Amino acid sequence: MKPEDAKKIITTAIDREVESYTFYHGIADKVKAPALKSLFAELAGEEKKHREFLQGMLTKDISKMKFDPSHDYKVADVLPSPPLSVEMKPIEGIVVAIKKELEAMQMYSQMANLAKDTETQFLFSQLANMERGHKARLEDLYTNMAFPEVW
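Residues numbered from 1 in each chain as written. Predicted model: local features only at pLDDT ≥ 70, side-chain atom pairs only at ≥ 80, totals over all residues. Heavy atoms only, no water.

### Brief notes about the overall build of the protein
Regarding its fold elements, the protein presents four helices and zero strands. Counting the 151 residues in the protein, one finds 36% classified as buried. In the protein, 78% of the contacts between residues at least 6 apart in sequence involve partners at least 24 apart. Counting every atom, the protein has about 9100 Å² of accessible surface; 59% of that belongs to carbon and sulfur. (Helix = DSSP H or I, 4+ residues; strand = E, 2+ residues; numbered from the N terminus. Buried < 20%, exposed > 50% of the residue type's maximum accessible area, 1.4 Å probe, protein only. Contact = heavy atoms within 4.5 Å. Areas by Shrake-Rupley, 256 points an atom, 1.4 Å probe, with all protein chains shown as cover.)

### Observations regarding the pattern of salt bridges
Tallying each qualifying case throughout the model produces four salt bridges. For the salt bridge of Glu52 with Arg51, the shortest nitrogen-to-oxygen distance reads 3.8 Å. (Salt bridge = Lys/Arg side-chain N within 4 Å of Asp/Glu carboxyl O.)

### Topic: the side chain of Lys100
By secondary structure assignment, the location of Lys100 is in helix 3 (residues 90-114). The class for Lys100 is buried, based on a relative accessible area of 11%. Only 3.0 Å separates the side chain of Lys100 from the side chain of Glu19, close enough to count as a polar contact. (Polar contact = N/O pair within 3.5 Å; in protein donor to acceptor, adjacent residues only side chain to side chain.)

### Describing the nonpolar core
Among the nonpolar cores identified, the biggest contains 18 residues, and Ile10, Leu54, Met57, Met65, Tyr108 and Phe124 are the most heavily contacted of them. Secondary structure elements with two or more residues in this core: helix 1 (3-30), helix 2 (34-58), helix 3 and helix 4 (118-146). Tyr24, Ile27, Phe40 and Ala44 belong to the second-largest nonpolar core, a separate cluster that totals 14 residues. (Core = buried A, V, L, I, M, F, W, Y, C linked by side-chain atoms within 4.5 Å.)

### A look at the confidence of the model for the protein
Do not read the fine detail of predicted coordinates wherever pLDDT is low. Residues at a pLDDT of 70 or more form 83% of the protein, whose mean pLDDT is 81. Considering only residues more than four positions removed or in separate chains, one finds that residues 72-79, a stretch of pLDDT under 50, has seven contacts. (pLDDT = per-residue confidence, 0-100.)

### Some remarks on helix 1
The terminal C-alpha atoms of helix 1 lie 40 Å apart, and with 28 residues this matches the ideal 40 Å at 1.5 Å per residue to within 8%. Taken residue by residue, helix 1 has Ala6, Ile9, Ile10, Ala13, Ile14, Glu17, Ser20, Phe23, Tyr24, Gly26, Ile27 and Ala28 as its buried positions. (Expected span 1.5 Å × (residues − 1).)

### Here's the deal with the packing of helix 1 against helix 3
Following both chains from N to C, one finds helix 1 and helix 3 inclined at 155 degrees, their axes separated by 11 Å at the closest point. In terms of axis orientation, helix 1 runs roughly antiparallel to helix 3. In this structure, the crossing between helix 1 and helix 3 has a hand that is left-handed. Judged by residue contacts, Ile9, Ala13, Arg16, Glu17, Glu19, Ser20, Phe23 and Tyr24 of helix 1 engage Gly93, Ala97, Lys100, Glu101, Met107, Tyr108 and Met111 from helix 3. (Axes fitted to C-alpha atoms, helices over the stretch in contact; angles between N-to-C directions. Parallel < 35°, antiparallel > 145°, perpendicular 65-115°, else oblique. Left-handed = near helix turned anticlockwise from the far one by under 90°.)

### Here's the deal with the environment of Asp29
Inspection of the secondary structure assignment puts Asp29 in helix 1. For Asp29, a relative accessible area of 54% gives the class exposed. Separated by twelve residues in sequence, Asp29 and Ala41 place their C-alpha atoms 8.3 Å apart.

This is the structure we're talking about:
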């Protein structure tokens, strides 16, 4: 992969982190339940940290990141998801958020798998694991909202 391609991927990842931050922050301001307000504020803060981390990667020499040059990364093949909006119904917003976290997790996992140096593998693996944690938390919330059980 050429350094400019890696830079485009990281820039796209930054844009997605900003979009997620904006969504989570907006929802945190909108919801009334303290537990939800806290969860979404925390997720917003973590997405902000991811953005800062990725921006830091852009300040480094990207040419030192080594990826398999023969692999088709299909960056242009990814269809964009609908934009996040705080006007969605809560359950719809959670579904979209889960999908966004899944996309981010898969993208970072793919980058880690394709990296040829251990530092780059580790960095992208860390990001994938963080997104996996976000997804799991949101899935728990979705399950509780979509399938409330009365015992």
